[in-house]
Amino acid sequence: MSVGLPRRLGLVLAPEVGESLASWIDRLGQDMRRSPGLVADDLGLRVVPGAVQRPLSLLFGITANDEQTAAVEAATGVGAEVLHAMHLSAYDGTVLDLSDLADDKASVQRVWFREWALFTTSRACPSCLAESGGVWMLWWRLAAAAVCPTHRLMLVSHCPRCGLELRRGTERNQGVPPRTLLVEPTRCANRTRDRMCGYPLTELPQVPVHDDVCAAQLAFLDAAYGRPPPVAGRCIGAAEWAWAFRSICGLVRFVGDSIELPAVVPAAAAQALVDDARRRRGAASSRQVPGYRSKPRSALLATALLAFAGRTLAAGNDDDLIEAMRPFGAAVVEGPGAQECRPLWRWRMPPLVSMAVRAVFPTPMARWSRAGAHVPFAADVDRSASRTPRRRRTSAASSRSDPGGCLEFRHLPRLVAEADYQELIEPWLRTPPGLSGRRYVALALARICGARTWARAGLALGWPDGRAAAVADYVCEFVVDPARFWQAATTLADRLQERGPIDYDHRRQALSRFVTIDRGIWGPLFAEHGGRLMPAGCRAAAVWLWTAMTCGELGDAPALLDPGWSTVPIKSRLRTCRTMSRWLPDALADQMLRFGATLLDSHNPR
Ligand SMILES: [Zn+2]
Ligand SMILES: [Zn+2]
């Protein structure tokens with residue numbers, strides 16, 4: 001190695017708890033009367049000005065490698081644990097995902113645009129800076145950092161004198177400490193033409209904020225440190241909490257100029273949200289939602305988003321969660337309308353958020369909520385305008401997805417297809433609950449589509465009383481990882497959507513009197529495959545076809561319950577059905593499915 005470990009520096013200022021690396025280096029520099037760029041060299045961090053492409057400076061303040069960690073320890077006695085706690089990587093796996101970050105520019109750029117962190121800038125609380133003499137907290141470099149819970153002040157993101165984000169450095173050379181100039185920790189260190197801005201940040205305007213917003217900030221910080229508060233009574237992981245937070249912020253930004261924010265939001269912050277939405281709406285093409293989900297670049301915007309998302313995620317139960325999202329539904333009606341919100345349905349959101357959004361969103365889903373406990377909107381809302389237009393299913397269109405169309409209860413199978421179940425769900429359900437598991441997933445899909453309770457999900461699927469509760473009670477014991485389970489169920493919902501939703505309600509109706517197949521026609525076809533078709537076999541074949549067409553339960557098949565067959569004990573009826581389904585050769589099954597399709601067409605020749 002060409003460079004050995006740095007020599008031990010003299011008396012070294014210890015980093016404060018929660019301090020960022022750049023802040024510590026600035027303070028060391030002030031203490032040593034040395035520029036921060038040279039101090040970084042002294043520490044073995046090898047940050048070179050103008051070297052944004054140089055790998056070592058690319059990750060400055062984001063993450064430290066083993067070599068740098070050893071160098072800092074040799075120079076200052078500051079150990080690995082303390083050093084890592086000064087880097088943004090401290091939030092990796094909670095509110096940030098740096099798992100694909102590498103030493104190359106492409107990966108840094110990708111992470112830079114995706115993650116809600118300020119990689120080269122910081123926000124600041126003027127009172128904290130004054131009290132600490134210029135200690136900059138690491139969490140101020142999170143894009144959701146909006147208010148100081150200690151001083152109940154809004155953080156500041158931009159310097160009023162130079163107009164740049166705080167601690168940006170220069171317009172061109174972001175986040176690289178200067179080598180020729182000293183930095184005063186309590187002053188703006190942004191530089192234009194090698195001159196310090198020097199604005200005294202302790203004199204920044206102080207904007208007081210309400211306790212509710214501070215509580216939201218504390219909840220976010222709890223998540224950032226791996227202790228996310230429960231949402232609607234459910235314990236979720238920190239990463240999922242952050243995902244929910246960002247999803248809600250994106251939704252709020254989408255309708256930012258028509259949404260009603262909590263009254264506690266400072267006026268300037270509310271205005272920042274309106275301005276943001278108007279600017280975007282002016283620029284956005286109808287097909288895209290550019291930037292709605294990107295990090296907020298100002299503390300004002302972050303405060304508006306934090307206030308809304310924080311209140312939503314503080315919900316104690318599903319009803320509170322839905323109630324908190326109601327302003328979003330109202331804003332959709334008042335603002336862009338459901339049609340313009342189609343891009344939202346391509347977002348992946350955590351199930352809880354998805355459930356709340358669907359419950360307040362003006363879609364055909366409202367049909368069900370009318371029958372249920374809550375009516376999302378006043379009667380004067382024009383539902384026809386908010387309906388997703390139903391695309392005619394042609395052979396060309398049936399295989400592709402219907403963008404923006406929402407999965408409704410009528411599109412849900414009563415029993416999730418075995419292949420889907422095995423592939424997506426089974427890893428998250430302990431020991432095989434088999435059929436019950438497939439029923440449970442059908443219920444879960446109904447929850448994702450807006451059913452607020454298991455009982456209501458059962459109602460949506462048309463299940464007889466009690467079955468839903470029994471299934472939910474039994475199977476929920478087997479869920480290994482609830483977050484992953486819901487993620488998998490959401491993936492399955494997306495998949496059903498992509499395949500083109502099938503109207504199972506319509507199919508069940510069309511086949512409600514289908515109790516047997518014609519022995520005269522099918523007898524010879526069965527014979528070709530070596531089967532002898534008896535009258536009971538005709539009924540069992542009808543049962544098989546019904547379950548295949550409707551994704552329904554064997555026990556619900558009209559043929560099984562038909563009075564003509566019910567003289568035979570149920571046990572032997574079921575046995576005949578199972579034998580039939582085991583024996584049925586693929587070719588014959590295909591023929592029967594084609595026949596089923598003609599039955600559907602003849603019932604409703606649309
Ligand atoms: Zn403060
Ligand atoms: Zn400045």
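As the structure is a computational prediction, the values presented were derived from the model and not from experiment.

About the criteria used
Residues numbered from 1 in each chain as written. Chains lettered and ligands numbered in written order. Predicted model: local features only at pLDDT ≥ 70, side-chain atom pairs only at ≥ 80, totals over all residues. Heavy atoms only, no water. pLDDT = per-residue confidence, 0-100. Helix = DSSP H or I, 4+ residues; strand = E, 2+ residues; numbered from the N terminus. Contact = heavy atoms within 4.5 Å. Phe/Tyr/Trp six-rings, centres within 6.5 Å; stacked < 30°, edge-to-face > 60°. Buried < 20%, exposed > 50% of the residue type's maximum accessible area, 1.4 Å probe, protein only. Lys NZ or Arg CZ within 6 Å of the ring centre and 35° of its normal. Donors = N, O, S within 2.8 Å, 3.2 Å for Na, K, Ca; no water. Tetrahedral: all angles 85-135°; square planar, octahedral: opposite > 155°, others 65-115°. Core = buried A, V, L, I, M, F, W, Y, C linked by side-chain atoms within 4.5 Å. Salt bridge = Lys/Arg side-chain N within 4 Å of Asp/Glu carboxyl O. Axes fitted to C-alpha atoms, helices over the stretch in contact; angles between N-to-C directions. Parallel < 35°, antiparallel > 145°, perpendicular 65-115°, else oblique. Nonpolar A, V, L, I, M, F, W, Y, C, P; charged D, E, K, R; others polar.

Caption draft 1: Looking closely at the confidence of the model for the chain. Summing up the model confidence of the chain, the mean pLDDT is 83 and the portion of residues at 70 or higher is 88%. Within the chain, the lowest mean pLDDT, 28, falls on helix 16 (residues 383-386), and the highest, 98, falls on strand 1 (residues 147-148). Taken together, the stretch residues 52-56 has pLDDT below 50 and engages in 11 contacts with residues farther than four places along the chain or on a different chain. Ignoring residues within four places in sequence, the model shows residues 364-405, a span with pLDDT below 50, making 72 contacts including any to other chains.

Caption draft 2: Summary view of the packing of aromatic side chains. If you walk through the whole model with that rule in mind, you get 15 aromatic pairs. Arranged with centres 5.6 Å apart and planes meeting at 25°, the rings of Phe-526 and Trp-583 form a pair that is stacked. One end of the pair, Phe-526, is in helix 23 (residues 519-528); the other, Trp-583, is in helix 26 (residues 570-583), with 57 residues separating them in the sequence. Judged by relative accessible area, which is 2%, Phe-526 ranks as buried. Residue Trp-583 is classed as partly exposed on the basis of its relative accessible area, which comes to 34%. Taken together, Phe-514, Trp-522, Phe-526, Trp-583 and Phe-595 form an aromatic cluster joined through their ring pairs. Looking at Arg-311, its charged tip hangs above the ring of Phe-308, at a distance of 5.7 Å from the centre. Sitting over the ring of Trp-454, Arg-447 keeps its end group 4.8 Å from the ring centre.

Caption draft 3: Seen up close, the coordination of the zinc ion (ligand 2). Protein coordination at the zinc ion (ligand 2) comes from Cys-159 (SG), Cys-162 (SG), Cys-188 (SG) and Cys-197 (SG), with a distance range of 2.2 to 2.4 Å. Bound by 4 donor atoms, the zinc ion (ligand 2) shows angles of 104 to 118° at the metal and therefore tetrahedral coordination geometry. Spacing between the donor residues of the zinc ion (ligand 2) along their common chain follows C-x2-C-x25-C-x8-C. With Cys-162 in the loop between strand 2 (153-154) and strand 3 (191-192) and Cys-197 in the loop between strand 4 (195-196) and helix 8 (211-224), this residue pair connects regions lying 35 residues apart in the sequence. Judged by relative accessible area, which is 29%, Cys-162 ranks as partly exposed.

Caption draft 4: Structural detail: the coordination of the zinc ion (ligand 1). Here the zinc ion (ligand 1) is held by the protein donor atoms Cys-125 (SG), Cys-128 (SG), Cys-148 (SG) and His-151 (ND1), which lie 2.1 to 2.3 Å from it. Coordination at the zinc ion (ligand 1) is tetrahedral: its 4 donor atoms span angles of 102 to 115° at the metal. For the zinc ion (ligand 1), all donor residues lie on one chain, and their spacing in sequence is C-x2-C-x19-C-x2-H. When its relative accessible area of 0% is taken as the criterion, Cys-125 is described as buried.

Caption draft 5: Region of the structure containing the nonpolar core. If you look at the biggest cluster of nonpolar residues, it comprises 99 residues, and the most contacted ones within it are Phe-245 and Phe-328. No other element matches the 10 residues that helix 11 (residues 299-313) contributes to this core. Those residues within four positions of Phe-328 in sequence are excluded, and the remaining contacts are Leu-251, Val-255, Ile-259, Phe-308, Leu-344, Val-357, Val-360 and Phe-361. With 35 residues, the next largest nonpolar core counts Ala-451, Ala-468, Val-479 and Ala-489 among its residues.

Caption draft 6: A look at the side chain of Thr-547. Within the secondary structure, Thr-547 is located in helix 24 (residues 535-550). Among the residues examined, Thr-547 registers a relative accessible area of 17% and is labelled buried.

Caption draft 7: View of unusual backbone geometry. One non-glycine residue, Arg-152, adopts positive backbone phi at about 50°. Its location among the elements puts Arg-152 in the loop between strand 1 and strand 2. For Arg-152, a relative accessible area of 43% translates into the label partly exposed. Look at Ala-232: it is not a glycine, yet its phi comes out positive at around 50°. By relative accessible area, which is 7% here, Ala-232 ends up buried.

Caption draft 8: Molecular detail of the pattern of salt bridges. Applying the stated criterion to the full structure yields 28 salt bridges. With a closest N to O distance of 3.2 Å, Arg-495 and Asp-420 form a salt bridge. Of the two residues, Arg-495 sits in helix 21 (residues 482-499) while Asp-420 sits in helix 17 (residues 418-425), which places them 75 residues apart along the sequence. Taken individually, Arg-495 and Asp-420 each receive the classification buried, so the pair is uniform in this respect. Among the salt bridges present, the one from Glu-553 reaches Arg-439, with a minimum N-O distance of 2.3 Å. Linking Glu-553 in the loop between helix 24 and helix 25 (558-561) with Arg-439 in helix 18 (residues 434-448), this pair joins segments that are 114 residues apart in sequence. Judged by its relative accessible area of 6%, Glu-553 is buried. Within this structure, Asp-100, Arg-110, Arg-114 and Glu-115 form a network of salt bridges that share partners.

Caption draft 9: Representation of the packing of helix 8 against helix 11 in the model. Relative orientation of the contacting elements helix 8 and helix 11 amounts to 80°, with a least axis distance of 9 Å. Classified by the angle between their axes, helix 8 and helix 11 sit roughly perpendicular to one another. On the side of helix 8, the interface is formed by Val-213, Ala-216 and Gln-217, while helix 11 contributes Thr-303, Leu-306, Ala-307 and Gly-310. Within the contact of helix 8 with helix 11, the residues separate by chemical class into 4 nonpolar, 3 polar and no charged.

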